[in-house]
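Here are the chains, one letter per residue:
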Amino acid sequence: MDRVKNVCVIGSGVMGGAIAAHFANCGVQVSLLDIVPKYTEQDKDGGIDSNSKEFRNRIATKGLEAQLSLKPDPFYVKKSASLISVGNLEDDVDKITKADWIIEVVVEALHIKHSVFELVRKHRKKGSFVTSNTSGLSIKSMLEPFVDDLEFQSCFMVTHFFNPVRYMYLLELVAGENTSQDTMDTISQFGSKVLGKGIVWGKDTPNFIANRVGVYAINRTINYAIQQGLTLSDVDKIMGPATGRPKSAVFRTADLVGLDTLIHATETVYHGAPDDPERDVFVAPEVVKTLVKNGSLGQKSGKGFYEKRGKEIFELDLRTLEYLPPQKKEFKSLKKGKAISDVGKRVKAILSYTEKLSSENLKTDEQITKGDDASIFAWSVFRDILRYSALMIGEIADDIVNIDNAMKWGFNWEIGPFETWDAIGVRDVVERMKNDELEIPETVLELLKHGESFYKKEGVVQQYFDFNTKSYKPIPEIPNALVLSNIKETKEAIYKNSSATIHDIGDDVLALEFHTKMNAIDTDIINSQFKLLELAESRGAKGVVVYNDGEHFSAGANLMQILMAVNTKKWDDIEKMVHDFQYANKAFKFASFPVVVATHSLTLGGGCEIAMHGTHVRTLGETYMGLVEVGVGVIPGGGGTKELLFKNRDLWHRKQQSKVGEEYPKMWDPWRGSIPGPMFPVIKSFEVIGMAKIATSGPEAVLTGYLKKETTRLTTNKAYLLADAKNDVLEYSKNFVKNSESLIYLPGADTVQTAIKMNIEELDAKGLVTPHDKIVAMELAYVMGGGKTTYSKGLSEDNLLDLEREAFMKLLGTKGTQERIAHMLQTGKPLRN
């Protein structure tokens, strides 16, 4: 991985720019090159110098600027863009020479790719890697002019990123006949560890894996929707989260991808794979052709299958091609499935759902059952996808694991097609296919000679059926990753309650795992925090990790537990819980050994407060961190208000040190008498908490002030998060210095409340704050001012925790806050009261 320090991306369009942005996210120097634009009369009339860098680099510059304006943001933080330099393919060929890895991302035209590769061949250094981001062209065709250059071929392969590059986990890799093992190993390891991608290996066939199966699935679904007379809303409801698919389901996904792109991907297979057993499915549906012909390309053109008019969404009638308001329809099969949390069991229940026909529809006394529209439709689609996937084994990938992972990581399916076969039951699927008079794929028949499922477990080892050896083999594990589920199966937990478990993860390191719904913080989790430190001390552990395998690190406090206590007026219990949470977090901060908090995904409210108090943090790039308590009418009460003030005090201190270039005298406090003096940590902290600012990446959490740069490290792939956090503990433990408490100097509540009140009055005049917002803001200002203090009086952490807890309890007792909590629990949305 150290061999790739400088990357050159050729092609600055949507994909090229996004690839460059993500390499920059990961700290890699990137050159983004494109062609020199044509010099037009308009340029001439505008006095633009055709020889200037501004003109000659215009295309690449615009490509980078486009990335900087995109939402969702392709960058972890905007300043990462400074790692990208732009250029052109005439003046900046030296950037190709310097690059360790050159990535081609130009249009899908073979003659253009050939010219790019010829230029690259001429200027690259020997041993540099060259890859194409093509989504459909074969390696053989791309290398055809270079058949005599074996060194070039040995360094060449396909790296197919998915858009948006930062957020899509999948990276499809395809090797050519002469690609060296060194090239394959280096690119796959770099892609996994540095870029944070899930690697799948495809074969050199049209659309590789994900788009081959995914486009088939979309086209099949559209055709069945038309045949069975279902609306877009019906289909997206059936083929969405109810059956383990993403919220964008089918038609919204098609609009996001672009209908012109869908046609291109469809035709790629039709023309490139003439022997495909389901080739007719790769003829674009007429409705898609019509929409594209009319310029309705999906989201990028403003309408496709769906059209947004103001705040309202209209959907296409597949028969009349008119846009109509969506009609909500309920399906009994989906309602039955909703009660089942396990996605495999849920899909099986929906596909097998039947109901008795009413007696007036029966001509005999015989009982007849039939599925509802949703179960009939879902079976038709799933049946064909499962069958097609089985037909593709050996064609698009060597094994089922790569196919399943490609669909989960590239199309956000919760379970892959072969996992779905197993969930329904392979023999049951076969029998239903036979009843539908479909030929069973030979691969499935071969499987049933050796076993009952595509996957099985031998002891603690998960295995898959390998069709090359006709035997079950262990699923390959990611090298150097640490899998908590494996530890749980081989070692007994050393402590467990209803909400959390403490594990020994080896090398004298303990790990605390949450397992509540959304990993919400409750009393048992708080108790486990104290228990973690107690066990670490008694066992002489080198340190501890706070980590979980859940979808989110923690979405915050258990609001239901709090509201139930409020309704039963158990105020002492609530205050004790808040007090204990404050001091559990404080104990983390001042532990005598490293406490590494490994954050990922949602890290909100109480989850954010736990992270803020770790001695160190190992954060996933895709971490969404924030103190969002004002949304339910309280202030952060687990030490978050206090800790943000201290962190911003330290930030100001460091800024002042960097200006004078030397340490402050120990007795001189940087807040007193300085400009902006004690108001800097207050105003910065108030803006973050008052606006419920959510950092949308791990690095942004540092910039926002939730985390300290000096004690935070980044991981881009969640598969490595636990291993990285454990290694941090082992490293930090060698020279660990316990944090020491200090005082903070604040301006006093009167000063802060007066300043905040002026701002609130301005916002109130614009209708931007509610009556309860004002109450919360004044309480927050009181705490951040330090209560009844003055500049000359230093406050301890305990002083601020008392103020924080007092304000939290006071707000919790108000009707406005109780209404906000109840509304959040009922709707999942904040109440504006």
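Keep in mind it's a predicted model, so treat the numbers as computed, not measured.

## What about the overall build of the protein?
Thinking step 1. Each helix and strand counted, the protein has 34 helices and 26 strands in total.
Thinking step 2. On C-alpha atoms alone, the protein measures out to a radius of gyration of 29 Å, which is about the 28 Å that the 2.2 N^0.38 rule sets for 833 residues.
Thinking step 3. The C-alpha extent of the protein, read off along each of the three principal axes, is 85 × 80 × 60 Å.
Thinking step 4. The burial tally for the protein puts 55% of its 833 residues in the buried class.
Thinking step 5. Partitioning the intrachain contacts of the protein with sequence separation of at least 6 by distance along the chain shows that 70% fall at a separation of at least 24.
Thinking step 6. Per element, the accessible surface of the protein, about 37,600 Å² overall, is 52% carbon and sulfur.
Thinking step 7. Here the protein contributes 103 positively and 111 negatively charged side chains, and the mean placements of these two sets differ by 3 Å.

## What to know about the pattern of salt bridges
Thinking step 1. Summed over the entire model, instances satisfying the criterion amount to 62 salt bridges.
Thinking step 2. With its nearest N and O atoms 3.4 Å apart, the salt bridge here joins K237 to E330. On the criterion of sequence distance, the pair formed by K237 in helix α11 (residues 232–238) and E330 in the loop between β11 (323–324) and α15 (332–338) is long-range, its members being 93 residues apart.
Thinking step 3. For K237, a relative accessible area of 33% gives the class partly exposed.
Thinking step 4. For E797, the salt bridge goes to K642, with nearest N and O atoms at 2.8 Å.

## A few points about the sheet that holds strand β16 (residues 471–474)
Thinking step 1. The three strands lie next to each other as β14-β15-β16, forming an open sheet whose pairing is antiparallel. The open sheet has two edge strands with one neighbour each: β14 (455–458) and β16. In this sheet, neighbouring strand axes are inclined to one another by 40° on average, regardless of whether the strands run parallel or antiparallel.
Thinking step 2. Where strand β15 (residues 461–466) meets β16, four bridges bridge the pair, whose relative direction is antiparallel. Note on β16: the bridge partner recorded for Y464 is K473.

## Focus on the packing of helix α16 (residues 343–351) against helix α17 (residues 373–391)
Thinking step 1. In the contact formed by α16 and α17, the axes pass within 8 Å of each other and the chain directions differ by 115°. Counting all contacts with α16, which are made through V347, I350 and L351, the residues of α17 involved are S375, A378, W379 and F382.

## As for the layout of surface pockets
Any empty space left between the atoms is revealed when a probe the size of a water molecule rolls over them.
Thinking step 1. Considered as a void within the structure, the second largest pocket measures approximately 1,100 Å³ in volume.
Thinking step 2. In terms of lining, the second largest pocket is formed by 37 residues, of which the most central are A555, G556, A557, L559 and M824.
Thinking step 3. Take the lining of the second largest pocket: its biggest share by element is four residues, from helix α34 (residues 815–827).
Thinking step 4. Class assignment of the residues belonging to the lining of the second largest pocket gives a composition of 25 nonpolar, nine polar and three charged.

## With respect to the sheet that holds strand β2 (residues 29–34)
For sheets, the rule is that strands pair by backbone hydrogen bonds, running either parallel or antiparallel.
Thinking step 1. Sheet architecture is open: eight strands sit in the order β3-β2-β1-β4-β5-β6-β7-β8, paired in mixed fashion. Either end of the sheet is taken by a strand with one partner, and the two such strands are β3 (84–88) and β8 (198–201). Here the strands of the sheet are splayed against their neighbours by 25° on average, with no regard to which way each runs.
Thinking step 2. By the bridge criterion, five bridges tie strand β1 (residues 6–10) to β2 in an arrangement that is parallel. Looking at β2, one finds that N6 is bridged to Q29.
Thinking step 3. Running over the sheet, helix α4 (residues 58–69) touches β2 and β3 and is turned about 150° from β3.
Thinking step 4. Packed on one face of the sheet, helix α18 (residues 400–410) meets β7 (170–175) and β8 and runs near 135° to β8.

## Let's talk about the packing of aromatic side chains
Describing an aromatic ring pair means giving the distance of the ring centres and the angle of the ring planes.
Thinking step 1. If you walk through the whole model with that rule in mind, you get 21 aromatic pairs.
Thinking step 2. Ring geometry for F23 and F190: centres 6.0 Å apart, planes at 20°, overall stacked. With a gap of 167 residues between them, F23 in helix α1 (residues 14–25) and F190 in helix α9 (residues 181–194) connect regions that are remote in the sequence.
Thinking step 3. With relative accessibility at 1%, the residue F23 sits in the buried group.
Thinking step 4. Judged by centre distance (5.8 Å) and plane angle (80°), the ring pair of W101 and F190 falls under edge-to-face.

## Focus: the environment of V281
Thinking step 1. Summarising the element assignment, V281 is placed in the loop between α13 (259–272) and α14 (286–293).
Thinking step 2. The spacing of V281 and Y216 is 65 residues in sequence and 6.5 Å in space, taken between C-alpha atoms.
Thinking step 3. Ignoring anything within four residues of it in the chain, the contact list for V281 reads Y216, N219 and R220.

## A short note on the nonpolar core
Thinking step 1. One finds F305, W421 and F454 to be the most contacted residues of the largest nonpolar core, which totals 85 residues.
Thinking step 2. The element best represented in this core is α17, accounting for 10 residues.
Thinking step 3. In this view, W421 contacts L386, R387, A390, V426, V429, V430, M433, V444 and F454; residues no more than four positions away in its chain are not counted.
Thinking step 4. Listed in part, the 75 residues of the second largest apolar core include L535, V566, A777 and L811.

## A closer look at a nonpolar patch on the surface
Thinking step 1. Judged by side-chain polarity, M560, M564 and L825 come together as a nonpolar surface patch covering roughly 280 Å² of accessible area.
Thinking step 2. Checked against the element boundaries, L825 lands in helix α34.
Thinking step 3. Taking relative accessible area as the criterion, L825 reaches 35% and is therefore assigned partly exposed.

## Concerning the pairing of β7
Thinking step 1. Of all six residues in β7, five are buried, a share of seventy percent or more.
Thinking step 2. Bridge count for strand β6 (residues 156–161) against β7 is five bridges, and the pairing is antiparallel. Bridging across to β7, H160 finds its partner in E172.
Thinking step 3. The sheet contact formed by β7 and β8 spans four bridges and is parallel. Each residue of the ladder has a partner; that of L173, found in β8, is W201.
Thinking step 4. In terms of handedness, the path from β7 via α9 over to β8 forms a crossover that is right-handed.

## Looking at helix α30 (residues 721–732)
Thinking step 1. The terminal C-alpha atoms of α30, which comprises 12 residues, lie 16 Å apart, in line with the 16 Å expected from a rise of 1.5 Å per residue.
Thinking step 2. The element α30 is largely enclosed, with a buried count of 10 among its 12 residues.
Thinking step 3. Buried within α30 we find L721, L722, A723, D724, A725, K726, D728, V729, L730 and Y732.

## Points about the pairing of strand β4 (residues 101–104)
Thinking step 1. In β4, alternate side chains face the same way, and those of W101 and I103 on one face and I102 and E104 on the other are all buried.
Thinking step 2. Here four bridges tie β1 to β4, and the two strands are oriented parallel to one another. Bridging across to β4, C8 finds its partner in I102.
Thinking step 3. The pairing of β4 with strand β5 (residues 129–132) spans four bridges and is parallel. Along β5, the bridge assignment pairs W101 with F129.
Thinking step 4. Taken together, β4, helix α6 (residues 110–123) and β5 constitute a β-α-β crossover, and its handedness is right-handed.

Thresholds, definitions, all that
- Sequence order as written defines the numbering, with residues in each chain counted from 1.
- Two thresholds apply to this predicted model, a pLDDT of at least 70 for residue-level local features and 80 or more for giving and counting side-chain atom pairs, whereas whole-chain, interface and lining totals are computed over all residues.
- To get the side-chain values, take all heavy atoms of the structure and skip hydrogens and water.
- Secondary structure elements are taken from DSSP: a helix is a run of H or I of four residues or more, a strand is a run of E of two residues or more, and numbering for both begins at the N terminus.
- Every radius of gyration here is taken over C-alpha atoms, with the globule rule written as 2.2 Å times N^0.38, N being the number of residues.
- Burial classes follow relative accessibility: with a 1.4 Å probe on protein chains only, a residue under 20% of its type's maximum area counts as buried, one over 50% as exposed, and anything between as partly exposed.
- What makes two residues a contact is simply this: any of their non-hydrogen atoms within 4.5 Å.
- Here the open area of atoms and residues is found with the Shrake-Rupley method and a 1.4 Å probe, where only the protein chains shown may cover a residue.
- In this tally Asp and Glu are treated as negative and Lys and Arg as positive; neither His nor the chain ends contributes.
- Lysine's charge is taken at NZ, arginine's at CZ, aspartate's at CG and glutamate's at CD.
- Within this document, salt bridges are pairs made up of a side-chain nitrogen of Lys or Arg and a carboxyl oxygen of Asp or Glu, the two lying within 4 Å of each other.
- Think of it this way: DSSP has to see at least two bridges between two strands before they count as a pair.
- Throughout, an axis means a line fitted to C-alpha atoms (over the contacting stretch in the case of helices), and angles, computed between N-to-C directions, take values from 0 to 180 degrees.
- Grid spacing is 1 Å over the protein atoms alone, the probe is 1.4 Å, and a cavity is where that probe fits but cannot get out, while a pocket is an open set with protein on both sides within 12 Å along at least five of seven lines and lining residues have an atom within 4 Å of a point.
- Grid points are joined across faces, edges and corners, and a volume is the space filled by probe spheres set on the points.
- Amino acids outside the nonpolar list (Ala, Val, Leu, Ile, Met, Phe, Trp, Tyr, Cys, Pro) and the charged list (Asp, Glu, Lys, Arg) are all regarded as polar, and Gly is one of them.
- Geometry of aromatic contacts follows a simple scheme: Phe, Tyr and Trp rings, the Trp one being its six-membered ring, pair when their centres are within 6.5 Å, and the pair is stacked under 30 degrees between planes, edge-to-face over 60, tilted otherwise.
- We define the nonpolar core as a collection of buried residues of types Ala, Val, Leu, Ile, Met, Phe, Trp, Tyr and Cys that are connected through side-chain atoms lying within 4.5 Å of one another.
- In this analysis, a patch consists of residues with relative accessible area above 30% that form no salt bridge, clustered at 9 Å for like charges and at 5 Å for the nonpolar side chains Val, Leu, Ile, Met, Phe, Trp and Tyr.
- Every crossover in which the path from the first strand over the helix to the second runs clockwise, viewed with the strands pointing away from the viewer, is termed right-handed.
- Take the residue count of a helix, subtract one, and multiply by 1.5 Å to get its expected span.

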